[in-house]
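# What the coordinates show
One-letter residues, chain by chain:
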Amino acid sequence: MDGRVHPAAGRRPGLRPRPRGQRRLRALAVVVLPLLASLLTSCGGEAGGGRPTLNWYNFPDDSGALQKAADNCSKASGGRYTISYHKLPRTADGQRQQLVRRLAAEDSSLDILGLDVTWAAEFAEAGWIRPWTGAARRQAIADTLQVPLRTGTWQGELYAVPYNTNTQLLWYRDDLVPTPPKTWAEMLDMARDLAKRGKPHYVEIQGAQYEGLTVWFNSLVASAGGSILTPDVSRPSLGPPAVRAAQIMRDLATSPAADPSLSNQMEDENRLAMESGSAAFEINYPFVYPSMKMNNPTLFKNFRWAPYPRVSADLPAHPTIGGIDLAVGAYSRHAELAYEAALCLRNRDNQLAAALEGGLPPTLRSLYSDRALIDSYPFAGVVLNALETASVRPLTPAYQNVSIATSHTLSPPSEIQPVNSIAEVREQITEALESEGLVP
């Protein structure tokens, strides 16, 4: 959920976990049928003169920052390797399916993998990615923010290192709201008052039946002092904080603050609604800032940011982070070079370029005091503070099924019955955790 074109957006809605035998058969069919095509199209081999080509599979970047990083690191290697950047599909499902199919076929051409922050546990459990150890691990964690590092960790080992990160902020119009709200309740009261005065008053939020709804719920549960799963991720941990989170979702969806399209809205629809002038508030990623500047310069003059709203004044907010982590494929023929290349791809210069050109917040703490970043990201300090106390989505190999169970049960938000809905989420997640978590 990250503000890019959107690897965190294309989760399949409305699917319940299948019986285990059906899942195995379905996964086998999905892997075997495209196997021949995958092998025919894999891009391994050596560059001219015997120089290894390291294949980097990552989300499609239209800014050119990723290609520049690949070119820069190829040059910096002194001829020891060349990095070839391959664009994955635009949706998270498409990206994951391509990687799962090829890794299940033990494709040796997958050297460096750009993983959504929810995939490391699943891929590690399947044996598809290698752990980071020794000097490579020490270099990877140096200066790296702690919460993003958690997304690439499974059972105490680091399997993927943060390439970029992301977190949501509260965006608002200061011509309508001179002082931003600190809590969800305060924001809804402001929206009601604006509605009574005939002013733009919607709170734009991700309410469609997809990953974004799970992220909203996860952020609220964490901000209420709870979690979706127990610390050992063996069972659901949904108690009073989850009921409180569900109540906030319902309160917004049944108030004047709700956009009529709430139940169908994702990040980009939220952005467009805010730019159209119909909303007073927006919960979204920093990509909305340059977009507003370009698309509506008049409203941009009053476009401001604030920390993610709290559940209550006495509890800190814990927005859910997104981003991409870099892993080394288990079947790579050039694993040691792949570790070295991945470290280069996420170094200070390349992370700064990705932030300035692609709008992706960096994972290196020192960059948040860099004048170039601050000039481009005047909200960099708010982003850093959010990342320091952010929450992560449940770290489990079964995350895909957990997310589907959550978003299916809580959609549409206007029909949530807090106690009963959370009981159903608990039941659905219990079933989801019994799955292998490897169904593409």
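Above this text is the structure in question.
Residues numbered from 1 in each chain as written. Predicted model: local features only at pLDDT ≥ 70, side-chain atom pairs only at ≥ 80, totals over all residues. Heavy atoms only, no water.

### Some points on the sheet that holds strand E9 (residues 279-284)
Spatially, the 4 strands line up as an open sheet ordered E8-E9-E7-E10, and their pairing is mixed. Only two strands of the sheet have a single neighbouring strand rather than two, namely strand E8 (202-204) and strand E10 (303-306). Within this sheet the neighbouring strands show an average axis-to-axis angle of 20°, counted without direction. Where strand E7 (residues 169-173) lies against E9, 4 bridges are found, and the strand directions are antiparallel. Of the residues in E9, the one forming a bridge with Leu-170 is Ile-283. Set on the sheet, helix H11 (residues 267-276) makes contact with E7, E8, E9 and E10; between it and E9 the angle comes to about 155°. (Pairing = 2+ DSSP bridges. Helix = DSSP H or I, 4+ residues; strand = E, 2+ residues; numbered from the N terminus. Axes fitted to C-alpha atoms, helices over the stretch in contact; angles between N-to-C directions. Contact = heavy atoms within 4.5 Å.)

### Things to note about the state of the cysteines
Among covalent bonds in proteins, the disulfide is the one between the sulfur atoms of two cysteines. Applying the stated criterion across every chain, the model contains 1 disulfide. Through a disulfide, Cys-73 is tied to Cys-344; the S-S separation comes to 2.1 Å. Sign of the S-S torsion, about -95° for the bond between Cys-73 and Cys-344, identifies this disulfide as left-handed. Here Cys-73 is found in helix H3 (residues 65-76), whereas its partner Cys-344 is found in helix H14 (residues 335-345), with 271 residues between them in sequence. Here Cys-73 matches Cys-344 in class, with each residue buried. (Disulfide = S-S within 2.5 Å. Buried < 20%, exposed > 50% of the residue type's maximum accessible area, 1.4 Å probe, protein only.)

### With respect to the side chain of Asp-370
Turning to its location among the elements, Asp-370 is positioned in the loop between helix H15 (348-358) and helix H16 (371-376). Relative accessible area serves as the criterion here: at 16%, Asp-370 is assigned to the buried category. Apart from the residues within four sequence positions on either side, Asp-370 is in contact with Arg-348 and Leu-352.

### A short note on the pattern of salt bridges
Two side chains carrying opposite charge are able to pair once their charged atoms lie near each other. Applying the stated rule across the entire model yields 15 salt bridges. Between Asp-174 and Arg-304 there is a salt bridge, with its nearest N and O atoms 3.3 Å apart. Of this pair, Asp-174 sits in the loop between E7 and helix H8 (184-196) while Arg-304 sits in strand E10; the two residues are 130 residues apart in sequence, bridging distant segments of the chain. The exposure class assigned to Arg-304 is partly exposed, which follows from its relative accessible area of 29%. A salt bridge links Arg-197 to Asp-193, with the nearest nitrogen and oxygen atoms 3.1 Å apart. For Asp-193, a relative accessible area of 38% corresponds to the partly exposed category. Salt bridges linked by common partners bring Asp-268, Arg-271 and Glu-275 together as one network. (Salt bridge = Lys/Arg side-chain N within 4 Å of Asp/Glu carboxyl O.)

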